[in-house]
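A structural walkthrough
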Amino acid sequence: MGRTYGLLLLLFTLLGFKIRGGLCQDDAAVYIVTLKQVPPVHYIGEIAEMKSSGIGQISHGGFGRLDTGKPSNASRTGADYSSFLIRFQNSLLRRALKGESYLKLYSYHFLINGFAVLITRQQADRLSKRREVANVELDFSVRTATTYTPEFLGLPQGAWVEEGGPEFAGKGIVIGFIDTGIDPTHPSFSDVLSDTVYPVPAHFSGVCEVTTDFPSGSCNRKLVGARHFAASAITRGIFNASKDHASPFDGDGHGTHTASIAAGNHGVPVNVSGHHFGNASGMAPHAHVAVYKALYKSFGGFAADVVAAIDQAAQDGVDIISLSITPNRRPPGLATFFNPLDMALLAAVKAGIFVVQAAGNTGPSPKSMSSFSPWIFSVGASAHDRVYNNFIVLGNNLSISGVGLAPGTDGDLMYTLISATHALRNDSDRENNFYVSECQDPSHLNQDLVKGNIIICSYSIRYVLGLSSVKQALVTAKNVSAAGIIFYMDPFVLGFQLNPTPMDMPGAIIPSPDDSKVCENFAMISGTSMAAPHVAGLAALLKQKFPSFSPSAIASALSTTATLYDKQGGPIMAQRAYSNPDSSQSPATPFDMGSGFVNATAALDPGIIFDADYDDYISFLCGINGSTPIVLNYTGNNCDSSTINGTDLNLPSVTVALLNQSRTVTRRLTNIANDETYSVSFSAPYAVSLSVVPIRFSIAKGETQNLTFVLTATMNSSSASFGRVGLYGSRGHISMIPLSVIVKIAGNMSTTKLK
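Residues numbered from 1 in each chain as written. Predicted model: local features only at pLDDT ≥ 70, side-chain atom pairs only at ≥ 80, totals over all residues. Heavy atoms only, no water.

**Quick look at the overall build of the protein chain**
For the protein chain, the helix and strand inventory stands at 21 helices and 35 strands. Accessible area for the protein chain stands at about 32200 Å²; split by element, carbon and sulfur atoms hold 52% of it. (Helix = DSSP H or I, 4+ residues; strand = E, 2+ residues; numbered from the N terminus. Areas by Shrake-Rupley, 256 points an atom, 1.4 Å probe, with all protein chains shown as cover.)

**Description of the sheet that holds strand β33 (residues 704-713)**
The strand order across the open sheet built from four strands is β27-β29-β33-β31, with neighbouring strands paired in antiparallel fashion. Edge strands, defined here as strands with exactly one partner in the open sheet, are β27 (608-609) and β31 (688-693). When β31 meets β33, the two strands line up antiparallel, connected through six bridges. Bridge assignment links V688 to a residue of β33, and that residue is A713. (Pairing = 2+ DSSP bridges.)

**Some details on the pattern of salt bridges**
Considering all chains together, one arrives at seven salt bridges under this definition. A salt bridge links E100 to R126, with the nearest nitrogen and oxygen atoms 2.7 Å apart. Placement of E100 in the loop between α3 (79-96) and β3 (103-109) and of R126 in helix α4 (residues 121-128) is noted, with a sequence separation of 26 residues between them. The exposure class of R126 is partly exposed, given its relative accessible area of 34%. The shortest N-O distance in the salt bridge between R130 and E132 comes to 3.3 Å. On the basis of relative accessibility, which here comes to 25%, the residue R130 falls in the partly exposed class. Each member of the salt-bridge network shares a partner with another, and the members are R95, R130 and E132. (Salt bridge = Lys/Arg side-chain N within 4 Å of Asp/Glu carboxyl O. Buried < 20%, exposed > 50% of the residue type's maximum accessible area, 1.4 Å probe, protein only.)

**Some remarks on the packing of aromatic side chains**
This structure, assessed with the given rule, holds 17 aromatic pairs. Judged by centre distance (6.3 Å) and plane angle (20°), the ring pair of Y106 and Y108 falls under stacked. The exposure class of Y108 is buried, given its relative accessible area of 0%. An aromatic cluster of at least three residues, connected via ring pairs, comprises F239, Y296, F299 and F302. Taking the ring centre of F302 as reference, the NZ or CZ of R236 above it sits at 3.8 Å. Note that K350 overlies the ring of Y614, its terminal NZ or CZ placed 4.5 Å from the centroid. (Phe/Tyr/Trp six-rings, centres within 6.5 Å; stacked < 30°, edge-to-face > 60°. Lys NZ or Arg CZ within 6 Å of the ring centre and 35° of its normal.)

**Regarding the nonpolar core**
With 63 residues, the main nonpolar core has I310, I321, W375 and L621 as its most contacted residues. Per-element tally for this core: the top contributor is helix α10 (residues 303-316), with nine residues. Ignoring anything within four residues of it in the chain, the contact list for L621 reads F337, F338, M343, L346, W375, S627 and V631. Core analysis: the next-biggest nonpolar cluster, separate from the first, contains 45 residues, A169, V379, F546 and A557 among them. (Core = buried A, V, L, I, M, F, W, Y, C linked by side-chain atoms within 4.5 Å. Contact = heavy atoms within 4.5 Å.)

**Here's the deal with the state of the cysteines**
A complete count under the given rule lists three disulfides for this structure. Here C439 pairs with C457 through a disulfide, and the sulfurs are 2.0 Å apart. A torsion of -95° about the S-S bond marks the disulfide between C439 and C457 as left-handed. Of this pair, C439 sits in the loop between β21 (417-419) and α12 (447-450) while C457 sits in strand β22 (residues 454-459), placing them 18 residues apart in sequence. A sulfur-sulfur separation of 2.0 Å characterises the disulfide bridge that pairs C622 with C639. Between C622 and C639, the S-S dihedral sits near -80°, and the bridge is therefore left-handed. Of this pair, C622 sits in helix α20 (residues 614-622) while C639 sits in the loop between α21 (628-635) and β28 (654-659), and the two are 17 residues apart along the sequence. (Disulfide = S-S within 2.5 Å.)

**Remarks on the sheet that holds strand β30 (residues 676-683)**
The sheet built from five strands is open, its strands ordered β28-β35-β34-β30-β32 with mixed pairing. Of all the strands in the sheet, the pair left with one neighbour each is β28 and β32 (696-699). Neighbouring strand axes in the sheet, compared pairwise and without regard to direction, differ in orientation by 20° on average. (Axes fitted to C-alpha atoms, helices over the stretch in contact; angles between N-to-C directions.)

**What about the UniProt feature "active site" (unreviewed entry) in the protein chain?**
According to UniProt, the positions carrying the feature "active site" (unreviewed entry) are D179, H254 and S529. Here D179 lies in strand β7 (residues 174-179). Within the structure, D179 has its side chain in polar contact with the side chain of H254 (distance 2.6 Å). Along the chain, H254 falls in helix α9 (residues 254-263). For H254, a relative accessible area of 8% translates into the label buried. (UniProt positions renumbered as here; feature names shortened; annotations may be inferred. Polar contact = N/O pair within 3.5 Å; in protein donor to acceptor, adjacent residues only side chain to side chain.)

The following block contains the structure:
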């Protein structure tokens, strides 16, 4: 499954620089333009109906209706219509910018109808005034936001057993990763480690780019597709082909890591520097991997490239999209939801694709989430309970705990400790080498002083920012013949969880500033970037068991079955400040932890689900003040009287941002298990009186039931308060719904009672 793209990219790169030069404008930039004609994804339901009824290709009237128009000779079944859209986009550019220079970077023709183009601001203004054009937006930047986790989540004894074992878990499901690419030689993506038949799913039609650093044969039955997208980056002149790799190859490691977490093979030995640290496995080890590289090590990425990757992934037929990325800035106002990235993902959800995105790593401050469109399943991260400790034993028998995946020193020998700042060469100017303590350059150190001893280096904020690295410090230590290396924590590095970095020589990082005063083939990486693919893999298990589940049904199953307790049975705790994170904790609220810790086994048998569809999301968008023309422009949908508030979306949670007097909220649940009787219990948020009807109900398999919540304010409260509703089934199913309320009473209070 190979197709050569390398030459095309080179020609495109040369063409791009030539045309950009021809623009002769300092304000030339990349714009994402969407058109009013709807893309093929909006016909998916009709296609299914036509196929089931035996109807062939059907046209859609004349060309005049720009909101839904389509030429009479274009087929709704995909290729013909997409080709027409591309031709129409090119024709529009020629007509609107007649005789002027521009460069079309991408054609979006599946999830959204539009294109990315390098033009001047004046040209963008001219395009925006065309009647065929819906929106013109400036491109924006984005950034990137395991051996033990299967056991932590109870997969070997639970969810995997239900799927027939790890060798079947995720079978037939394709997960698309929008990330930094992949290393195809990694054993996590080999297709020869399993004796089980491993065909490429028939519904997937992706291809594998072939380049010098991603040769033919890189893809297989496990890694079924790989492409890269960098046109927007190339036009900016920041793409470095040697460092960033003009191919799907992962020059960073981030994408390889996320893909292995979600769908890496089961039982892959983790050998680092000659030491064995267990066997690794993805959450859905028999799922397939499709890679859409749109992020790069040296600069991150851009929305134009990411949207192109999403559009292609959906067109290829992936079942799940995993995005461990967040915008560098969240557009304000209506653009919070109405931007090319979120709108493309909404169309993907309409196509039946479950979308999971990292929530961002900028907490614990308020309003720090970067992903919150309700059609996207946003995932946060928590501290893990793994401990990879090693110890430093001083001559006075005092032991200091450190962090690191490293061998120990030989036998019971004691070694001299020497600080890097005390081992400078005589000709080294300490004042002009402020960062010499970080051990990044061996030329400053006196090898005679360090040889055979353990060198002490500082671990400063520069390590967190990527300006210094443990890897380079290890190179330094070896070059000066050190017997080992110790990193002491700079007191300004606060609130960061240290990952146990693999080292190929005796070493440790002392994580405590107080203790410090006393002295990837595989990697361990934390954060929402790595949390998101865990859920993507678990979603693959759900999709495998429930192939007809909508994306919101999968989200509901994962949410309502989540646990509120840690592994020790205590409440989940939340960090409240960057400094002293361990001592600034308190019990987590839904604003901290969402629904809680995912429970994979329970999610495969949720009992009931709260479902929502594309029309519900459109009603929500239409309910936003001033959104009617934007909804029409982006989706082709007219807003009518069926608008709803965000509180009324059929989500497995209830949030009232401003409770004045009383508010009635309804949720609709569906029983996907056998007939069952449920009882309801609840705890009301502070300053709120809560009633739920019915308090007990019986529901047959496949039936739906409405739950009505009446929330009445009892006093003013300036901060959010929280409660919870629990539904307990007679067959053992439990569904939990978090409540979040901010009370603001205006005028006299009144009460409401259900009759």
